[in-house]
Amino acid sequence: MKKFLSVALALALILTSLTACTEEGSNNDVLKVGAIYPMSGTNALLGSQCMEAVRIAVDMVNENGGVQGRSVELSEADAPEPTAAATEANRLVDKEGVKIVFGSLASGNALSIAQVTDKRGVCLVESGGIADSLTDSGFKYVFRILDKGGLRGSVGVDYIAESISPALGKDAKDIEIAIVHEDSSYGESVANGAEKQIKKLGMNLVSREHYNVSVTDMSAIVLNIKKAQPDVLLTVNYIDDAVRLVDTLKQHNAMPKVFMGCGAGTTDPKFAMTIGSDSDGFFCTDMPTNLPMDVFAGDEKLYNAVSDFREAFLAQHKELNAVPIAAEAAFTGAYTFMNDILPKAGDLDDPDSIRSAALEEKLELTALGFGWDLGEDGQNYAAFANINQWQNGKVVTVAPEKLKNGQAINVPLPISSY
Amino acid sequence: MEQVIQALISGILSGGIYALISVGLALIFGVVGLVNFAHGEFLMLSMYIAYWVYYFIKLEPYESLLINLVLMATVGYIVYKVIMTRVLEADHSMQMLLTLGLSMVLQNLALMLFKADYRNVRIDITTDVINIGFTNLSTARVLAFIVAIGASVALYLFLQKTYTGVAMKAVAQDGKAAKLMGINIKKIYGQAFIIGTMLVGLAGVLMSPMYSVFPTIGANFSTLAFIVVVLGGLSSIPGAIFGGILIGIVESMAGYLLGPAYQQAAYFLLFILVLIFKPSGIFGRE
């Protein structure tokens, strides 16, 4: 019996190794990539949208023959918070053998993933986390396609100084600004950038408060805003807390003259759909979003890709009237990397080769309306934030001049309390 | 000063909601002896029921209250019969692991069935405000507070004045002695579990116009509910009411006076202090 077991075991081992060899052989035809987003937990809504966007990008690339003749195989991972993000990054790298990871929506998750992937020579293509530290920490294989949080905050403040102050009939130095932000590295980075710019321009910061997204009552936050009575409220939020902040501002008659959101929470269609016409005139500083298709008219392939993506995404989300910005960014990161960068890499299994291609490639335009020009730190210095405004339930770009598709309205807000 | 009073009132109103979520938890712990980690998910379930009834048949959460309570009672009955009865005699750690598992199953089931979308019941009361003097009170919160206190007092009277209520208290005090006195303790356990589930269901109905519902909404409130229950004295109903309002006040005042960043730190600090100086909770028996 023992002999029989030994023979059976040996046969099983041989068969396993043969299967492994076969798999190894077939791996040459497949490029394994991973995607890590919060599919459960507080950020699950945005995370699921991002994952859908990456799936669409992978399908599009595969339909066009894959990358260097290799079909792309996507492994998905759910990471509701940074610890899970690190665990899932380990799993994708060690068990699934991915060479590239797309992520991560939240900056905290991005930092956790980068700490795992960078050491293993796996590339992280980040299209959601905007914390400055992600590209300031010396990671070699982290490539961020979008702007830094600090920049986003400062762009919002610049717009307040240049365009909102005159509309309010005040000198920029007399404008009073209050900052309220959620307390993760995302909110912190944007708020830091805004505060720095406020000081640089000699403007007046009357208060700065931060809160945890799980806070159940926003009254205390809003009463502090009411006490400060700022002209402009600059906020950094996710969707649900942004909606509750607006409701509580109205409840306590504390709505300022200008509401300037910075980040995904106030740019997401769900935000305006939930609060309705009250959003008319709310600004949101973010990556360019839902740009008119004629922006892409000079690049037929990109034009078709953006058009196909929007159609495919909205077909799955009939309740939405526009693609959420987080999903557009996730698509842009995955699509640009697979379509424009990887085909130029000498060896897809060598991270240094991929890094060289990513840094050498310069693109005039991506699906987000800005180009691709990475610095040594992996940051895309062609990325910028623009100023959008909700008008009749739609996002209208009011700055910068080259992407502008409408004039700012409702300054001061008609629902302002003072 | 006006804003300090406004912050105080806002805290009291939020505290009423915390109290209502917590009394169900305190009742289940007091009578059945179960630490129900799935309590927050029952809240989520009730909010989804309110949302879907509103979505499909346009009944506002207050109008669909009875439907919601009947469904929540059914959920409570099924969960008790199918799952909880199997661990009634088991070790506390087994019970906790089971309810923790149940909470994960419910959360992920909701994620699978309803996706991660934030769903809102935005009706007139969502943004309605009652102005009394210089204070601006959310009508939905005032209503939730009144109903929450009313329901908690009704539960307290039920426990004091009815045969079933007194039997529940007897089981809570000494299960074996209650059994010897002829009380069907399994039936009492089931009734307490169902009432506890209905109370959190009521909280879900009242909260639906104020909060978005999504699969993990329960987690935002379940930690608070556990703190309230421990603070109040574990199985004490008046303790849960008092604890809920106290937490609401501390959260709001700390947020206003020290800054929003200190809201959660303040009630956790209070929690630690109570555990150090009165480990059995404010209303708990030594």
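Just so it is clear, the model here is predicted, and its values are computed rather than measured.

Along chain A, the regular secondary structure elements total 14 helices and twelve strands. The globule rule puts the C-alpha radius of gyration for 418 residues at 22 Å, and the 23 Å found for chain A is close to it. Along the longest, intermediate and shortest principal axes, the C-alpha atoms of chain A span 90 × 50 × 40 Å. In chain A, which comprises 418 residues, the share counted as buried stands at 61%. Intrachain contacts of chain A at a sequence separation of at least 6 include 67% that bridge at least 24 residues. For chain A, the exposed surface amounts to about 15,400 Å²; the carbon and sulfur share of it is 51%. Positive and negative side-chain charges in chain A, numbering 35 and 56 respectively, have mean positions lying 4 Å apart.

The strands that make up a sheet are held in pairs by hydrogen bonds between backbone atoms, and each pair lies either parallel or antiparallel. All names here are of chain A. Pairing in this open sheet of five strands is parallel, and the strands run β2-β1-β3-β4-β5 from one edge to the other. Only two strands of the sheet have a single neighbouring strand rather than two, namely β2 (71-78) and β5 (142-144). Ignoring which end each strand starts from, the neighbouring axes of this sheet average 25 degrees apart.

Let us now look at the packing of aromatic side chains. All names here are of chain B. Tallied over the full model, the rule gives 24 aromatic pairs over all chains. Relative to F114, the ring of W52 lies with its centre 5.6 Å away and its plane at 45 degrees, an arrangement referred to as tilted. Placement of W52 in helix α2 (residues 39-57) and of F114 in helix α4 (residues 92-114) is noted, with a sequence separation of 62 residues between them. Taking the centre distance of 5.1 Å and the plane angle of 90 degrees together, the rings of Y55 and F56 count as edge-to-face.

Two quantities define a packed helix pair, namely the angle between the helix axes and the distance between the axes. Residue and element names in this part refer to chain B. Their axes nearest at 8 Å, the elements α2 and helix α9 (residues 185-207) cross at an angle of 50 degrees. As judged from the angle between their axes, α2 and α9 are oblique. α9 is crossed by α2, and the crossing has right-handed handedness. Contact with α2, carried on its side by H39, F42, L43, S46 and M47, involves F193, G196, T197, V200, G201, A203, G204, V205 and M207 of α9 and no other residues of that element. Residues of the contact of α2 with α9, tallied by class, amount to eight nonpolar, six polar and no charged.

Below, the discussion takes up the pairing of strand β9 (residues 258-262) of chain A. All names here are of chain A. Taking burial as the measure, the five residues of β9 include five buried ones, the bulk of the element. Here β9 shows no split at all, with V258, M260 and C262 on one side and F259 and G261 on the other all buried. Sheet analysis places strand β8 (residues 232-236) next to β9, joined by four bridges and oriented parallel. Bridging across to β9, L234 finds its partner in M260. Tracing the backbone out of β8, into helix α9 (residues 239-251) and back to the parallel element β9 gives a crossover that is right-handed. The pairing of β9 with strand β10 (residues 283-286) spans three bridges and is classified as parallel. Within β10, the position partnered with G261 by the bridge is C284.

F102, F337 and M338 of chain A together with M207 of chain B are the most contacted members of the largest nonpolar core, which has 187 residues in total. Counting the residues that make up this core, at least three belong to each of domain 1 (29-147 + 296-360) and domain 2 (150-286 + 387-403) of chain A.

Residue and element names in this part refer to chain A. All told, the structure shown has 23 salt bridges over all chains when counted by the stated rule. Linking E76 and R55 is a salt bridge whose minimum nitrogen-to-oxygen distance equals 2.6 Å. Of the two residues, E76 is situated in strand β2 and R55 in helix α2 (residues 44-63); the sequence distance between them amounts to 21 residues. We classify E76 as partly exposed; its relative accessible area is 33%.

The rules behind each value
- Residues numbered from 1 in each chain as written.
- Chains lettered and ligands numbered in written order.
- Predicted model: local features only at pLDDT ≥ 70, side-chain atom pairs only at ≥ 80, totals over all residues.
- Heavy atoms only, no water.
- Helix = DSSP H or I, 4+ residues; strand = E, 2+ residues; numbered from the N terminus.
- Rg over C-alpha atoms; globule rule 2.2 N^0.38 Å.
- Buried < 20%, exposed > 50% of the residue type's maximum accessible area, 1.4 Å probe, protein only.
- Contact = heavy atoms within 4.5 Å.
- Areas by Shrake-Rupley, 256 points an atom, 1.4 Å probe, with all protein chains shown as cover.
- Lys, Arg positive; Asp, Glu negative; His and termini not counted.
- Charge placed at Lys NZ, Arg CZ, Asp CG, Glu CD.
- Pairing = 2+ DSSP bridges.
- Axes fitted to C-alpha atoms, helices over the stretch in contact; angles between N-to-C directions.
- Phe/Tyr/Trp six-rings, centres within 6.5 Å; stacked < 30°, edge-to-face > 60°.
- Parallel < 35°, antiparallel > 145°, perpendicular 65-115°, else oblique.
- Left-handed = near helix turned anticlockwise from the far one by under 90°.
- Nonpolar A, V, L, I, M, F, W, Y, C, P; charged D, E, K, R; others polar.
- Right-handed = clockwise from strand over helix to strand, strands pointing away.
- Core = buried A, V, L, I, M, F, W, Y, C linked by side-chain atoms within 4.5 Å.
- Domains from an automatic or database assignment.
- Salt bridge = Lys/Arg side-chain N within 4 Å of Asp/Glu carboxyl O.

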